[in-house]
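# Residue-level structural notes
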Amino acid sequence: MSRKVKKWVDIIEKGKKTKKVWSDSFRVDQLDKYYEGFQRPSWWPDNKESFMVINLLYANIKSQIDSLFSTTPQFYVRPSRSFSFPNQEEMSLLDEQASKRELVLNYYIKENNTKKEVRKCILDAFLSFGVVKIFYNPIYSKNPKVGEPILDSMGKPIINKTTENIELQPEVILSKENFLIERRDSRNIYFDPFADSIENIKWVAERIEYTLDEVKSNPIYTNTANLKACSSVSVTSTTDGDRKTEDERKRGVIDKTTVNPDNKKEEIVVCWEIYDIENSKVLTIAEGHDEFLMDIDTPPSIEKHPYVFLYFINRVNSPYPIPDIWHQLGPQDEYNITRNQIVTHRKRFSRKYEVLEGSIDDKEMSKLEEPYDGMFIKKKTDGIAIQAIVDPPLDSAVYFDVEMLRKDFFDISGTVQEGQMAQIEKATTAQIVNDRMEARKRGKQLLTKEFMEEVGAKLMLLIENEIELPQRIAILGEGGVSWQNIHPSDLSGQGEFLYEVSTGSMIPRSPSSDRESWLALLQVINMNPHIATSEVLLRKTAAMFQFEDKTLIQELVGVGKQMLQERMMNGGQPGQASPPKTEGGSTV
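Every chain's residues receive numbers from 1 upward, in the order its sequence appears when written. Local features in this predicted model are restricted to residues whose pLDDT is 70 or higher, and side-chain atom pairs enter the listing and the counts only when it is 80 or higher, whereas totals over whole chains, interfaces and linings include all residues. The side-chain numbers reported here are obtained from all heavy atoms of the structure, hydrogens and water having been left aside.

What follows covers the overall build of the protein chain. Think of it this way: any DSSP run of H or I at least four residues long counts as a helix, any run of E at least two long counts as a strand, and we number them from the N terminus. In terms of helices and strands, the protein chain carries 16 helices and 15 strands. Burial status across the protein chain gives 37% buried among its 588 residues. Across the protein chain, the fraction of contacts at a sequence separation of at least 24, relative to all contacts at a separation of at least 6, is 72%. Methods summary: accessible areas were calculated by the Shrake-Rupley approach with a probe of 1.4 Å, and residue burial reflects only the protein chains presented. When the accessible surface of the protein chain is split by element, carbon and sulfur atoms take 52% of a total near 35300 Å². Only protein chains enter the accessibility calculation, which uses a 1.4 Å probe; a residue whose area is less than 20% of its type maximum is buried, one above 50% is exposed, and one in between is partly exposed. Here, residues are in contact when the closest pair of their heavy atoms is within 4.5 Å.

A fitted line through C-alpha atoms represents every axis, and for helices the fit uses only the stretch in contact; the resulting angles, taken between N-to-C directions, go from 0 to 180 degrees. At a minimum axis separation of 10 Å, helix α3 (residues 56-68) and helix α5 (residues 114-127) run at an interaxial angle of 135 degrees. One way to sum up the angle between α3 and α5 is to call them oblique. The chirality of how α3 crosses α5 is right-handed. Residues Ile 61, Lys 62, Gln 64, Ile 65, Asp 66 and Leu 68 of α3 form the contact with α5, whose participating residues are Arg 119, Ile 122, Leu 123, Phe 126 and Leu 127. Charged residues are taken to be Asp, Glu, Lys and Arg, nonpolar residues to be Ala, Val, Leu, Ile, Met, Phe, Trp, Tyr, Cys and Pro, and polar residues to be all remaining types, Gly included. Here the contact of α3 with α5 is built from residues that sort into 7 nonpolar, 1 polar and 3 charged. Throughout this description, any angle smaller than 35 degrees is read as roughly parallel, any larger than 145 degrees as roughly antiparallel, any in the 65 to 115 degree range as roughly perpendicular, and the remainder as oblique. A crossing counts as left-handed when the near helix is turned anticlockwise from the far one by less than a right angle, and as right-handed when that turn is clockwise.

Three or more residues of helix α15 (residues 535-544) are buried, namely Leu 538, Thr 541 and Ala 542. The buried residues of α15 all sit within an arc of 100 degrees when viewed along its axis, so they share a single face. Of the exposed residues in α15, those oriented more than 90 degrees away from the buried face are Val 536, Lys 540 and Met 544. Against α14 (511-527) and α16 (550-569) lie the buried residues of α15. By construction, the arc corresponds to the directions joining the helix axis to the C-beta atoms.

Another aspect to go through is the sheet that holds strand β2 (residues 130-142). Strand order in the open sheet formed by 3 strands is β3-β2-β10, and the pairing between neighbours is antiparallel. Each having just a single partner strand, β3 (172-183) and β10 (307-310) make up the two edges of the open sheet. Averaged over all adjacent pairs, the angle separating strand axes in this sheet is 20 degrees, with direction ignored. In the packing of α5 onto the sheet, the strands contacted are β2, β3 and β10, and the crossing angle to β3 comes to about 35 degrees. Pairs of strands are assigned from DSSP output, requiring at least two bridges between the strands.

Grouping buried Ala, Val, Leu, Ile, Met, Phe, Trp, Tyr and Cys residues that are joined through side-chain atoms within 4.5 Å yields what is termed a nonpolar core. Ile 122, Phe 451, Leu 459 and Ile 463 are the most contacted members of the largest nonpolar core, which has 55 residues in total. Once you skip the residues sitting within four places of it in the chain, Phe 451 turns out to touch Val 118, Cys 121, Val 132, Val 308, Phe 309 and Leu 310. One finds Trp 22, Ile 274, Val 282 and Ile 285 within the second-largest nonpolar core, a separate group that totals 42 residues.

So, about the packing of α3 against helix α11 (residues 396-413). Packed helix pairs are specified by the crossing angle of their axes together with the interaxial distance, meaning the distance between the axes. At a closest axis distance of 11 Å, the pairing of α3 and α11 adopts a crossing angle of 35 degrees. In this structure, the crossing between α3 and α11 has a hand that is right-handed. Between α3, through Leu 56, Leu 57, Asn 60 and Gln 64, and α11, the contact on the second element is made entirely by Arg 406, Phe 409 and Ser 413. For the contact of α3 with α11, the per-class residue count stands at 3 nonpolar, 3 polar and 1 charged.

A word on α3. For α3, spanning 13 residues, the distance from its first C-alpha to its last is 18 Å, which sits close to the expected 18 Å at 1.5 Å a residue. For α3, the set of buried residues is Leu 56, Leu 57, Asn 60, Ile 61, Gln 64, Ile 65, Ser 67 and Leu 68. Burial along α3 is one-sided: seen end-on, the buried residues are contained in an arc of 165 degrees. What qualifies as a polar contact is a pair of N or O atoms within 3.5 Å, subject to a donor-acceptor requirement within protein and to the restriction that residues adjacent in sequence count only when both atoms come from side chains. The backbone nitrogen of Leu 57 has a side-chain oxygen 3.3 Å away, supplied by the residue at the start of α3, namely Asn 55. How far a helix is expected to stretch is found by multiplying one less than its residue total by 1.5 Å.

So, on to the environment of Tyr 275. Structurally, Tyr 275 can be placed in strand β7 (residues 265-276). Note: C-alpha distance between Tyr 275 and Val 204 (71 residues apart in sequence) is 5.5 Å. Residues within four places of Tyr 275 in sequence aside, it is in contact with Lys 133, Lys 202, Trp 203, Val 204, Lys 281, Val 282, Ile 302, Lys 304, His 305, Pro 306 and Tyr 307.

Here we come to the packing of aromatic side chains. The aromatic pairing rule takes the rings of Phe, Tyr and Trp, using the six-membered ring of Trp, and pairs them if the centres are within 6.5 Å, calling planes under 30 degrees apart stacked, those over 60 edge-to-face and the rest tilted. A complete count under the given rule lists 20 aromatic pairs for this structure. Aromatic pair Trp 44 and Phe 51: ring centres 5.0 Å apart, planes at 70 degrees, arrangement edge-to-face. We note that Trp 44, like Phe 51, is buried. Judged by centre distance (6.3 Å) and plane angle (55 degrees), the ring pair of Phe 129 and Tyr 320 falls under tilted. Of this pair, Phe 129 sits in the loop between α5 and β2 while Tyr 320 sits in the loop between β10 and α9 (329-348); the two residues are 191 residues apart in sequence, bridging distant segments of the chain. By relative accessible area, Phe 129 is classed as buried at 0%. For Tyr 320, a relative accessible area of 1% corresponds to the buried category. Aromatic rings pair up to connect Trp 22, Phe 129, Phe 191, Tyr 275, Tyr 307, Phe 309, Tyr 311 and Tyr 320 into one cluster. In this structure, Lys 19 packs its charged tip against the face of Tyr 190, placed 4.5 Å from the ring centre. The rule for a charge over a ring is simple: NZ of Lys or CZ of Arg within 6 Å of the ring centre, and within 35 degrees of the ring normal. Geometry around Phe 312 places Lys 444 over its ring, the cationic atom sitting 5.3 Å from the centre.

Shown next, in the form of structure tokens:
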């Protein structure tokens, strides 16, 4: 094994140990089980009573995910810096490039089904941390003109200046380009253990499992002649023991011979894809292999690494976060246990009787099971023959604890349970609780918005450096569908651009809320048509009502100016109806 490979094997081992300490400290491996409802304590009797789970964690996470990210976000792009002192023509060119970048970015955000991937990441951020990877996946096809001369625009063969030979058509040609956004399992992501935050990591690595054939047939990997598999495993399993058990539980695999009756074996290679940020390198090593499978400089299409991370709670002096639901486990456990105490008491202590032996016939005894009021039972002896057994009462503090624990859970989670706000007697107290809840929600919305903006910036950097094929993109506007031609040169320029997500596009919306916001905006414009004379002022006003469509705003500017002119011509004032006219045309 070379010294460089051994160095990285040792570094990754340190990273694995550091992550295990973090995972064990915060019970990360159990958090997804809690979310799914597997919350039965290990000490609870297996055979005596069932364990009822009231999953407050699930309800809390589900409601927050819906409020954080429910629609595909809309990006806006504008120039932020030029590498020269631009004149008016160059500034117009930068604005045009920003418009085309905005068009391309929004197309790929929708094309990649980003909404589903990001919702998965938000769920991961509640349980550990969220990760998406942005990468380029070109599709090649056979070239029907293989071996023929490559012609220039004049129809003449192109001559290679170095070899002075005619350039020939290659065997394969680029037929499609995919710029992908995919969620990654945070269990496979490892950081520099000496970093004090995610922003200061010197390297990040991803554990990836391939089959031996996949690695050897992939042209981006070298030194694969002596590569050997780590193990031969069933196609339905993984190589790591704990992870294998957990993955099979999630997939519902009980008997592998049922899923895979031929018991087909595949040779698995465990690879580590490393992004050495400090030295601007992209490396790939395989467990048990002596050489690098990849050792290249970081391409210009990747800034540091291709990942974007979503954290809700940062830790001091650690690149790993505090899982969002970590502090809610205690109240969740205690709430379940307390509720099950009530259920168990109810089952064990239903109404029972003691009967003096021989004092009542069996026929009369059976009347105890009849659900009739005022029934007579004949007895043979004097005195008490039937007596109800007095049950030991359950401490009233248990019932009080249920409400207290429920309140503790929602206090920690920062959410308000359904109906709780209406139960708060004082309006001031209710307003304070609501303000605190909204502040926490806004904090997570801001983190999610920043996460999406970083995704957009990295995706656009990848596109502008890797795109080779010209494209036509459909634009759906107020006037219908139009087509825009995009050439790779349209995305190259001497400047930097700012990528922003429209806040309104991330807020959950319904047809009724859209209608109310739209009517409210129209009412404001009707009362103050001078607002619509300034596109900047109107854009700011419309954003308050969650409307940021550029085409719509331009239409409103025209309508507002027309309204203002008509009112001035008719002698009315902005914000007022035009005065009525007499038959002669004069105003009253």
